[in-house]
Amino acid sequence: MCGIFAYTGAQGKDAGKVLLDGLLSLEYRGYDSAGIFTPESGSIKSPGAVAELRKKIPTGFGGKSGIAHLRWATHGEPNEKNAHPHQDCTGELWIVHNGIIENFKELKEKLAHAGHRFASDSDTEVLAHLVEEHLKKEKNFEKAALAALNDLRGTYGIALQYKGEPDKLIAARMGSPIVIGLGDGEHFIASDPSPILPHTKKVVFLEDGEVAVLTPHKHSIYKLNAEKVDRTPTEIDWSPEEAQKGGYEHFMLKEIMEGPEVVENTLRGRVIAEKGMVKLGGLEAVAKELASIERVIIVGCGTAYYAGLVGEYMLEEFAGIPVEVELASEFRYRAPVLNQKTALIAISQSGETLDTLEAIREGKRKGALTLGIVNAVGSTIARETDAGVYNHAGPEVSVASTKALVSQLTALALFTVFLGRQRAMSEETGKEITAELKKLPAKLKAILGRTADIEVLAKKYASSRDFLFIGRKYNYPVALEGAIKLKEISYVHAEGYSAGEMKHGPIAMIDEHFPTFALAPHDSVYEKVVSNIHELKARKGPVVALVTEGDTRVAELADDVIAVPKTLEMLSPILNVVPLQLFAYYFAKEKGLNVDRPRNLAKSVTVE
Ligand code: M6R
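Residues numbered from 1 in each chain as written. Predicted model: local features only at pLDDT ≥ 70, side-chain atom pairs only at ≥ 80, totals over all residues. Heavy atoms only, no water.

**Examining the nonpolar core**
Right, so step 1: Judged by nonpolar contacts, the single largest core of 92 residues is most densely connected at Leu283, Leu290, Val296 and Leu371.
Right, so step 2: Ranked by residues supplied to this core, first place goes to helix H20 (residues 572–590) with twelve residues.
Right, so step 3: The two domains that each donate at least three residues to this core are domain 2 (254–447) and domain 3 (450–590).
Right, so step 4: Ignoring anything within four residues of it in the chain, the contact list for Leu371 reads Leu283, Val286, Leu290, Ala343, Leu344, Ile345, Ala346, Ile360, Thr385, Ala387 and Phe415.
Right, so step 5: Counting residues in hydrophobic clusters, the runner-up holds 29 residues, among them Ile95, Ala128, Leu146 and Ala148. (Core = buried A, V, L, I, M, F, W, Y, C linked by side-chain atoms within 4.5 Å. Buried < 20%, exposed > 50% of the residue type's maximum accessible area, 1.4 Å probe, protein only. Helix = DSSP H or I, 4+ residues; strand = E, 2+ residues; numbered from the N terminus. Domains from an automatic or database assignment. Contact = heavy atoms within 4.5 Å.)

Here you go:
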């Protein structure tokens, strides 16, 4: 999730300083490199943080306007060459971009054919050359930018600058957020309001398919078909910290709310729905080896391990391949039997969890093919594995993993179709899964629309000292996840159990003071879970149940229900984890706890 900041002003402020200060407040979004351009002083880029970029800036660098960027790598290595801003062949056009241009390869080929020369591997650079190409015909910066944007497929938040009109900036949005700051004799473009707020509280949030043209004294907004848009500015009185949280009280809530976008980002460019196939660029180099793999072992820690448990069910049922899931911290200390026919998959949001990394190193030593399902691009696990799938969930700030899990489960479903279609999965099944995957963002939005009901429920149960979470089959790992989420942010004793195991021990704890969260979606084990709910009620245990929309049987039995849309059983964890995340969030908030920074925990566990 890159960060964009751009400035044009007639107030005598130094654009270089304004931009560097703005980048600092965007660093929370994550970065691997940074860069800045002003028409007066040119461009400087650096791998690493803004502090590294600052060290390279010579005295006297500045100007009246400019664009700046923090990069979170997607296409191309995180190095200086691929850092933004990118330029065209002439050095007249400069661009910063957040998002992924899906048709960049075909555009690049056409442009190369027309004589354009590229300096990086980035999809963004293609855009600068595309505007250059249109400028040759249009002879007008705005028209050229608009024509180029109409050629794109994919997502973008963009700021564009042309040396020929140095005080003019063009911004555009499709899928990646762009905010315009309206100052007095100055205008700003940013990925979120945090770098704008020290200058002005008046902003316009661009909608998808909109383009803004800014000079110090004027701003205009258009649609991609050049139709003018009238938009009343919004006054925001968020503190800079609130702005980073998108106006939410905590990062955790913001990150839960990003679920629909995260699924879209994980799926983007990877689903060939009409063939029931999946394209995973990061696995292309090892596709042949994967076709002859006889066994999969998944390793991870905490929430990432639970994602692996869901992956086991998916891969065995739909790809017909034996899978074992192991806690990374155990795997490295026993003597696992691996060979070249084993694929060892590490799941990790941070890509830096030491136990998971060491498990991968152990796998490599024993000749296994190592793969990563990793969110942090360029992280150690991403670098040390043979191949992998990036989540594209954007940085996760809150210690409790939420959106990363949603993206891990989505990536595992993609991986299942990938391996399955290499084996016995029919085209029809592939089509069914990929079609349903595409419907998940809308279904997640429907769940998030019921946040207020979940908040009421969480408050009702917030004085409980213990909580049991139960589920079966695909929703057994979801129950484990519900428990860890509640534990880690509310410090309440919570246990996740397979519903079938309840009678083998935990049911002894149940009485009217010990509530259970039962996952009872309408799936192949529904009847069994209904029986378990009867058993709980017979012991006076309060029950909150997660059910499929339209279910009435469980509603009659349970004390409270949360309904979620119907989906395929194998994909149901992607929806079902979200109400549990919201439940834990509001539960901890009600207790007045520091939700984003729970005691004794770190976001990335880089020690044993
Ligand atoms: O960065 P990783 O995905 O490797 O982290 C693994 C666990 O430490 C992490 O999922 C942890 O359990 C979370 N705090 C759970 O919310």
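So much for the structure itself; the text now carries on.
**Describing unusual backbone geometry**
Right, so step 1: Backbone torsion omega between His84 and Pro85 reads 0°, so that peptide bond is classified as cis.
Right, so step 2: Structurally, Pro85 is set in the loop between strand E4 (65–71) and strand E5 (86–87).
Right, so step 3: Of note in this structure, Lys473 is not a glycine but carries a positive phi near 50°.
Right, so step 4: A relative accessible area of 26% means that Lys473 is categorised as partly exposed.
Right, so step 5: Positive phi is not limited to glycine here, since Asn600 has a value of about 65°.
Right, so step 6: Tracing the sequence through the fold places Asn600 in the segment after H20.
Right, so step 7: You can call Asn600 exposed: its relative accessible area is 76%.

**Some points on the side chain of Thr516**
Right, so step 1: The topology assignment puts Thr516 in strand E25 (residues 516–520).
Right, so step 2: Once residues within four sequence positions are removed from consideration, Thr516 is found in contact with Phe467, Leu468, Ile470, Ile510, Leu536, Pro542, Val543 and Val544.

**Description of helix H18 (residues 526–538)**
Right, so step 1: Spanning 13 residues, H18 covers 19 Å between terminal C-alpha atoms, matching the ideal 18 Å at 1.5 Å per step.
Right, so step 2: Within H18, the full set of buried residues consists of Tyr526, Val529, Val530, Asn532, Ile533, Glu535 and Leu536.
Right, so step 3: Each element contacted by the buried residues of H18 is listed here: strand E23 (466–471), E25, strand E26 (543–548) and helix H19 (553–557).
Right, so step 4: Positioned one or two residues after H18, Lys540 has a phi angle of 65°, which is positive. (Expected span 1.5 Å × (residues − 1).)

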